[in-house]
Amino acid sequence: MIVVEGWGETGVSRYPPAEGERYSQRGPAMSAGEGRGETGVSRYPPAEGERNVPSGEPGPPAGAEPTGMNDAASPPGSTTTNGVQAGADAPEGKIGAAWYRASAHAQATVASQAHNVLPSPYIGRNSLLPREPPATSMTGTLFLAARLRESERNDGQTIFRKWPEVFPQRLSPEAEKTAENQAIPPVNVRSLLATYFSPEIAGGTGLSRTSGSVGLPDGEITSAGIAEPAPYLARLFPCQTFGHGDERGTVGEGQGDTGVSRYPPAEGERTPERGPAMNIGERQADIGVSRYPPAEGERNVPSGVRQPPAGVAWYSAHEQATVVTQVHNVFPSPYIGKNSLLPREPPATSMTGTLFFAARLWGPERSDGQLIFNPEIAGGTGFSRTSGIAGFPNFEITRVGVAKPTPYLARLYLRQTFGFGGERERAADDINQVAGERDVHRLDVIVGKLAAPDVADDNRYAKDPRTEFLNWALAVNGAWDYPANVRGYTYGVALDYNHSKNWSLDYAVFAEPAFANGGPLDWHLLKAQGQVAELEERYELSGRPGATRLMTFLNHAHMGNYNEALAEMPVDPDVTKTRSYRYKYGFCVSIDQALTDDLGFFSRLGWNDGHTESWAFTAIDRTASAGLVLGGRRWCRPYDRVGLAGVLNGLSGPHRAYLAAGGLDFIIGDGRLRYGPEEILEIYYALQVRAGIAVTFDFQEVGNPAYNRDRGPVSIGSIRVHFEH
């Protein structure tokens, strides 16, 4: 069949729907493809057996299966009954030639051999020795293949098929018999140019220096030239394929390229395996479909319809590792203070590794209790002992107390959910979340050790420094001096009341550190605590999901006061000598809005009173940030993304005067100050190497570092390698 754009006839991701698939409201056009039935993506509910379509009915589109060694993956196409790629029929302008497709495989083989003591009345130069030690050979090969060019028919309909392993479905016996005797299949195959590259390493020895027998008993040793393992180039050649014929295939999906219901995927889609570029936020199940935000044309499940069962999972386990290396230019600096960014210094590297465990301890899924446990290891250094810039360029380094990698407990808390009935939604197996069903109208009570941003100040496009923006004034609202120890964690109690799919309310109380940027916490909880409340509204603008969050906070801690410090010491004031239990309060706004399937916008605004000492996060009293995040579908890299954002940070009047008189905060202080707002521009490109592994290239430009017009600008280059599973 020929796949065309559906206009809401089914409201699901493929046509015809499988038995048991539901119809929903009419939606805008969407490209048809196949969602992997094993994961239940993009439709509700998945039919039993999913891919098994009755033989008398048209088969659903399917994904291209990975090919063998040294064979590039086939473009989208129909499959045979055993699921192997057969063909493709792409609407013009939608997919085109998948020139970037590649396949990568690897092998390693070790063979050890020994022989008996054989009769040998005499021995020649190339004889098999009658007695010798065991012989061992080793080979390792990478099989890389890449599609360089494919032709397109004028009508835009193209197909491709692996030959000769498979045949199109419903091929007539006469045609099949003809095809079996042909070197090239009698179908319309696009002309394909591919290249194959196989680097190899081999070493070891054969019996008697690989001699003495015509039929050598170890075929692997033919690939080894010397005993020591040595690398060499095994294969490097192009391959041009020419096809002919008139049969059409169907548009499907390249398995492993997206693993979702259409190709290319919308921004925010994710594979069955968690992909590094897909940070879909913490409420991915709120809309009742398999991803968040939904692709154009997808609709929520009607409120009166029960969602698919969540299964019987009782635990969740994930892990992550992130390494960030940064270097900055030699910038103008007429003077240097105790907490200044040094104008010249070596590269700085940080590393974190985290295990995310979650277990359902009791109760049914709609009112259950889950225990969250996150051991973590961190180490490395930030620029100038992690000081000199209020909007520091590496948020990962906030979790690092010493340069040597050190293990510690990041999170250990209990989350009790109380469901109030009514509409239900599916919670996916995710970081710190066990898969299951839950009521949309619910209350979560959280008690234990966690990070304050786990509860408030969410943002779909700027939240996770391990996959998104690195600067901590973009990952969190800089004006929120959120309670935390030096590693970014604290103890607290939080209430998350989700009223509906449209709005929720959060409130939390956290312990404050005993001193600024300190490790120990102040357990005088009646006098030392940080409180935060946030109202979140979720909505759609022109059919695109968006959210606005209004947050207020009130901190009470043993903090100093800038005005008092200046009154006591007009020159080189010390705010720590005025410490007393005081209040700090402020207001924050966070906005995110999907503009297209690929493009998202976000912004944050923040303000605090700025009279009391910067205590737990950073020295920012005013902040405004905005940015855009673009997915890579346009250039055939659907899991890559590009981010561009800018930040303006500022200080209150008393805070400026204190620094200008020579005062120091725990993170900034040049000894003097010619004030100017701190200006930060950040751009990054996150390249998904494979599912679960991403490499990010990041550039930041900081004007007026630490609010000082006399110093800078600073140009910072970063490379981030992130693994998660």
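This one's a predicted model, so the numbers in the text were calculated from it and none came from an experiment. (Residues numbered from 1 in each chain as written. Predicted model: local features only at pLDDT ≥ 70, side-chain atom pairs only at ≥ 80, totals over all residues. Heavy atoms only, no water.)

Draft legend 1. Focus on the nonpolar core. Grouped together as the largest cluster of nonpolar side chains are 61 residues, with contacts concentrated most on Phe469, Trp480, Tyr482, Val532 and Phe602. In terms of residue count, helix H2 (residues 472–475) provides more of this core than any other element does, four residues in total. The residues contacting Val532, other than those within four sequence positions of it, are Ala456, Trp480, Asp506, Tyr507, Ala508, Phe510, Met551, Thr552 and Phe553. (Core = buried A, V, L, I, M, F, W, Y, C linked by side-chain atoms within 4.5 Å. Buried < 20%, exposed > 50% of the residue type's maximum accessible area, 1.4 Å probe, protein only. Helix = DSSP H or I, 4+ residues; strand = E, 2+ residues; numbered from the N terminus. Contact = heavy atoms within 4.5 Å.)

Draft legend 2. Expanded view of the pattern of salt bridges. Following the criterion strictly, the structure yields 24 salt bridges and no others. A salt bridge links Arg360 to Asp368; the nearest nitrogen and oxygen atoms lie 2.8 Å apart. Classification of Arg360 as buried rests on a relative accessible area of 13%. Relative accessible area serves as the criterion here: at 3%, Asp368 is assigned to the buried category. A salt bridge links Lys501 to Glu423, with the shortest nitrogen-to-oxygen separation between them at 2.7 Å. One end of the pair, Lys501, is in the loop between strand S14 (490–498) and strand S15 (503–510); the other, Glu423, is in the loop between strand S10 (406–419) and strand S11 (424–427), with 78 residues separating them in the sequence. The structure contains a network of salt bridges with shared partners spanning Arg460, Glu536, Arg538, Arg549 and Asp592. (Salt bridge = Lys/Arg side-chain N within 4 Å of Asp/Glu carboxyl O.)

Draft legend 3. Spotlight on the environment of Phe723. Here Phe723 is to be found in strand S24 (residues 714–724). When its relative accessible area of 35% is taken as the criterion, Phe723 is described as partly exposed. For the pair formed by Phe723 and Val695, sequence separation is 28 residues and the distance between their alpha carbons is 9.0 Å. If we skip the residues at most four places from it in the chain, Phe723 touches Glu319, Gln320, Ala321, Gly692 and Ile693.

Draft legend 4. Region of the structure containing the packing of aromatic side chains. For the coordinates displayed, the defined rule picks out 17 aromatic pairs. Ring-pair connections join several aromatic residues into one group, and the members of that group are Phe392, Phe395, Trp472, Trp480, Tyr482 and Phe617. Residue placement shows Arg487 over the ring face of Tyr408; its charged tip is 4.1 Å from the ring centre. Across the ring face of Tyr335, the terminal group of Arg672 is positioned such that the distance to the ring centre comes to 4.2 Å. (Phe/Tyr/Trp six-rings, centres within 6.5 Å; stacked < 30°, edge-to-face > 60°. Lys NZ or Arg CZ within 6 Å of the ring centre and 35° of its normal.)

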